[in-house]
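# Architecture at a glance
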Amino acid sequence: MSNNTAEKQAVARKDLTYRQWIWKEMKKNWVAYLMILPYVLIFTIFTVAPVVLSIFISFTDFNMLQIPNVVWLDNYINLFFADDIFLIALKNTFVFAVIVGPVSYLMSFLVAWFINELSPRIRSIVTLIFYAPSISGQVYLIWGTLFSADSYGWVNATLLELGFINTPIAFFQDAKYVMPLCIVVALWTSLGTSFLSFIAGLQGIDRSLFEAGAVDGVRNRWQELWYITLPSMKPQLMFGAIMAITGSFGFGGVVTALCGFPSVDYAAHTIMHHLEDFGSQRYEIGYSSAIAVVLFAIMIAANTVVKKALSKVGS
Amino acid sequence: MARLRTRKHKVVLSRSAGGDAGITVLLTLLGIFMVLPMAYVLMQAFKPLDELWMYPPRFYVMNPTASNFKDLFTLMNTSWVPFSRYIFNTVFTSVMGTLGHLFIASMCAYALAKIKFPGHKWIFNTIRTSLMFHSTVTAVTSFILMSAFHMIDTYLAIIIPAWGYTLGLYLMKQFMDTNVSDAVLESARLDGASELRTYWTIAMPMVKPAWLTLIIYSFQTLWNAGSSIYIYSEQLKSFNYAIGQITAGGIKRAGASAAATVLMMMVPILVFVISQSNIIETMGSSGMKD
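Residues numbered from 1 in each chain as written. Chains lettered and ligands numbered in written order. Predicted model: local features only at pLDDT ≥ 70, side-chain atom pairs only at ≥ 80, totals over all residues.

When helices and strands are counted, chain B shows 13 helices and zero strands. Starting at the N terminus and walking to the C terminus, you meet the elements of chain B as α-α-α-α-α-α-α-α-α-α-α-α-α. Overall, chain B is about 70 × 70 × 35 Å in size when its C-alpha atoms are taken along their principal axes. Looking at chain B residue by residue over its 290 residues, the buried ones come to 39%. In chain B, the proportion of contacts linking residues at least 24 apart, taken out of those at least 6 apart, comes to 76%. (Helix = DSSP H or I, 4+ residues; strand = E, 2+ residues; numbered from the N terminus. Buried ≥ 20, exposed ≤ 12 C-beta atoms within 10 Å, placed from the backbone. Contact = placed C-beta atoms within 7 Å.)

This is how it looks when you write it as structure tokens:
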């Protein structure tokens, strides 16, 4: 509301009400609406509508076959009080996101920061090395080969030879190892868009800030990082955080490809898997929509927390 | 800056040797962690079958051979749907999806960045928020909508949603904010150029790095697309899906599948190598100002 009053005051002409002024501006800029129309239409149909639709369907028992009944909060109550596997999925998702999100974020930033002072040529080679796994499609399947369950797997063979183990370990079929391994693989593929954004952000910092900082008594690179570098690239940090949230909550495919579905004892079962299970396999759309809504809520909450945390940077 | 109280003696910005060494070691370790699996993929692709299944397994290839690639092409020729069809599917959907996305998203980005019409802020904020939402989450409801539009099991099910990718629009809009000067646009408008003309002849040539980034992101996503729940006809499936079928063939096909992995990953990597400087330039304006 305060925003509105500010804009009202900005209207120079007193003979127009706010509403008339908006209408006039809209008519004046009709071409702009025409220009955004194709994109906004597609965006609405394929991004906004599915989200909104999920919210509505989550209050029903829709299953693609019968006419849906409104069941209000039943789906949510079942999720949190009757579905043990969902609770496992919820726990796994949190463990995964809490580790992969921040670690990949830090790793992206630190690597970008380390290579910032290298010569452009070497920097571009190092960038490629770190970025390549995230764009190479299904190349992460190689982890399945490296950690294969028999003694032909390179890791098992090496461990056998060194005498650490007597029988090969079925890494991706053992509840003890599934989650840690999936986390490692996820980290391996996680230096993506935010990494590039950090590199660019570091490159874009005004050099004279560092000189001014040196005069002002910045003594080492850590102080420089905290007082100059980080505050100067806050926008990139925010963008990177959004990308990290997306990445750490949406990683189901890697787990399915490496551990099968469902993973052994549901050890790496996440909300994403639960969603696919009920949505694309059992067609319990109402229930799966409730799962999706829970996931949206978690993502938005994570986003808010991250925003709060980042506002403290450099102070 | 106000909090800095360390003014006892003025020091020129120092880089301690210990810090440099520590950083180098850490970076090297991380680098090895990133490179090893990639190197292993390459090694596997050039190992003859007896080396792939030898005990104890070796990391390095001893007698490199191209026979895996030959096997792969033989396998491709024996598939029920000709492999050229899968390749066509992927290339066709990638090109159409990317072209449409480029035009539609950049036009929208221009209007959002450079025309101050009522509503431009909240429209952009909505798009920005949706950056967070993974497409898998909305897959089921998208399926329902697409079947309402009779798009299921057609190329359109892949192409049209690609036009609405959010990351491309976001990066394009941010890049235009910082790299297209309002003064130039204003003088074009005063000369009587229409908004569409200003967008196409003035703004677009100024944001070529962003074009390229948008093209590459969209192309990469489409290129790496495997099986989709929206497509069930074998003839319409993607190259990546078909490669996956070969990979799933077990022990006998281990060599061919390693070769296929290398072929599939070479394309996005090469594209990135060529366009790296442009992408980094675009990312310079990717930040969220709030």
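Moving on from the coordinates now.
With that settled, the discussion passes to the interface of chain B and chain A. The interface of chain B with chain A comprises 81 residues on the first partner and 88 residues on the second. Listed by contribution, the elements that provide at least two residues to the side of chain B that touches chain A are helix 1 (17–46), helix 4 (83–114), helix 5 (120–129), helix 6 (139–148), helix 7 (156–163), helix 8 (166–179), helix 10 (195–206) and helix 13 (254–283) of chain B. In terms of residue count, helix 1 of chain B provides more of the side of chain B that touches chain A than any other element does, 12 residues in total. Classifying every residue of the side of chain B that touches chain A by side-chain character gives 54 nonpolar, 22 polar and five charged. (Nonpolar A, V, L, I, M, F, W, Y, C, P; charged D, E, K, R; others polar.)

A few words now on helix 12 (residues 221–232) of chain A. Residue pairs three or four apart in sequence face the same way in an α-helix, which turns once every 3.6 residues. Residues and elements named next belong to chain A. Among all positions in helix 12, only Tyr 227, Ile 228 and Thr 229 are buried. On an axial view of helix 12, the arc spanned by its buried residues comes to 155 degrees, and they lie on one face. The secondary structure elements touched by the buried residues of helix 12 are helix 11 (207–215). (Arc of directions from axis to C-beta.)

Each packed pair of helices is defined by two parameters, the angle between the axes and the distance between the axes. Residue and element names in this part refer to chain A. One way to put it is that helix 5 (residues 84–115) packs onto helix 13 (residues 234–249) with a least axis distance of 9 Å and a crossing angle of 140 degrees. Where helix 5 crosses over helix 13, the two elements pack in a sense that is right-handed. Along its contact with helix 5, which presents Thr 93, Phe 96, Ala 97, Val 100, Gly 101, Ser 104, Tyr 105 and Ser 108, the element helix 13 presents Gly 240, Ala 241, Ala 244, Ile 245, Gly 247, Ser 248 and Phe 249. Residues that form the contact of helix 5 with helix 13 fall into these classes: eight nonpolar, seven polar and no charged. (Axes fitted to C-alpha atoms, helices over the stretch in contact; angles between N-to-C directions. Left-handed = near helix turned anticlockwise from the far one by under 90°.)

Residues and elements named next belong to chain B. Split by domain assignment, chain B resolves into domain 1 (17–65) and domain 2 (80–283). Distance between the C-alpha centres of domain 1 and domain 2: 33 Å. For the side of domain 1 that touches domain 2, the secondary structure elements donating two or more residues are helix 1 and helix 2 (49–52). A total of four residues in the side of domain 1 that touches domain 2 trace back to one element, the largest contributor, which is helix 1. Residues of the side of domain 1 that touches domain 2, tallied by class, amount to five nonpolar, one polar and no charged. (Domains from an automatic or database assignment.)

The next thing to look at is the confidence of the model for chain B. Residues and elements named next belong to chain B. Overall, the prediction assigns chain B a mean pLDDT of 86, with 93% of residues at 70 or greater. Between residues 1–12, whose pLDDT stays under 50, and residues either more than four places distant or in other chains, the model counts 11 contacts. Here the predicted complex carries an ipTM of 0.87, next to a pTM of 0.88. (pLDDT = per-residue confidence, 0-100.)

Turning our attention to the environment of Ile 231 of chain B. Residues and elements named next belong to chain B. By secondary structure assignment, the location of Ile 231 is in the loop between helix 11 (208–223) and helix 12 (239–247). Sequence separation between Ile 231 and Asp 182 is 49 residues; the distance between their C-alpha atoms is 45 Å. Excluding anything up to four places from it in sequence, Ile 231 contacts Asp 153, Ala 157, Leu 236 and Lys 237.

Residue and element names in this part refer to chain A. In this chain, Phe 261 is followed by Pro 262 through a cis amide linkage whose omega measures -5 degrees. With respect to the element layout, Pro 262 can be found in the loop between helix 14 (252–259) and helix 15 (271–281). In this model, Met 64 sits at a positive phi of 75 degrees, which is unusual for a non-glycine residue. Following the sequence through the fold, Met 64 ends up in the loop between helix 3 (30–57) and helix 4 (74–81). Note on Met 64: 12 C-beta atoms within 10 Å, which makes it exposed. Positive phi outside glycine occurs at Trp 72, with the angle close to 50 degrees. Mapping Trp 72 onto the fold places it in the loop between helix 3 and helix 4. In this structure Trp 72 comes out as exposed when scored by C-beta crowding, with 10 C-beta atoms within 10 Å.

So, about the domain arrangement of chain A. Residues and elements named next belong to chain A. Domain annotation for chain A reports domain 1 (1–57) and domain 2 (75–310). Placing the centre of domain 1 and that of domain 2 at their C-alpha centroids yields a distance of 36 Å. Counting residues at the interface gives four residues for domain 1, matched by six residues for domain 2. Taken together, the residues of the side of domain 1 that touches domain 2 sort by class into three nonpolar, one polar and no charged.

Our focus in this paragraph is the packing of helix 11 of chain A against helix 12 of chain A. All names here are of chain A. At a minimum axis separation of 11 Å, helix 11 and helix 12 run at an interaxial angle of 155 degrees. For the element pair helix 11 / helix 12, the angle class is roughly antiparallel. The handedness of the crossing between helix 11 and helix 12 comes out as right-handed. On the side of helix 11, the interface is formed by Leu 209, Phe 210 and Gly 213, while helix 12 contributes Glu 224, Tyr 227, Ile 228 and Ser 232. Among the residues making up the contact of helix 11 with helix 12, the classes are represented as four nonpolar, two polar and one charged. (Parallel < 35°, antiparallel > 145°, perpendicular 65-115°, else oblique.)

By size, the foremost hydrophobic cluster in this structure holds 146 residues, and its most contacted members are Cys 182 and Ile 291 of chain A together with Cys 108 and Met 172 of chain B. Setting aside residues up to four positions removed in sequence, Met 172 of chain B forms contacts with Ala 105, Ser 106, Ala 109, Val 207, Ala 210 and Leu 214 of chain B. (Core = buried A, V, L, I, M, F, W, Y, C linked by C-beta atoms within 7 Å.)

Looking now at the environment of Phe 56 of chain A. With respect to the helices, strands and loops of the structure, Phe 56 of chain A is situated in helix 3. Taking the C-alpha atoms as reference points, Phe 56 of chain A and Ile 88 of chain A, separated by 32 residues in sequence, lie 25 Å from one another.

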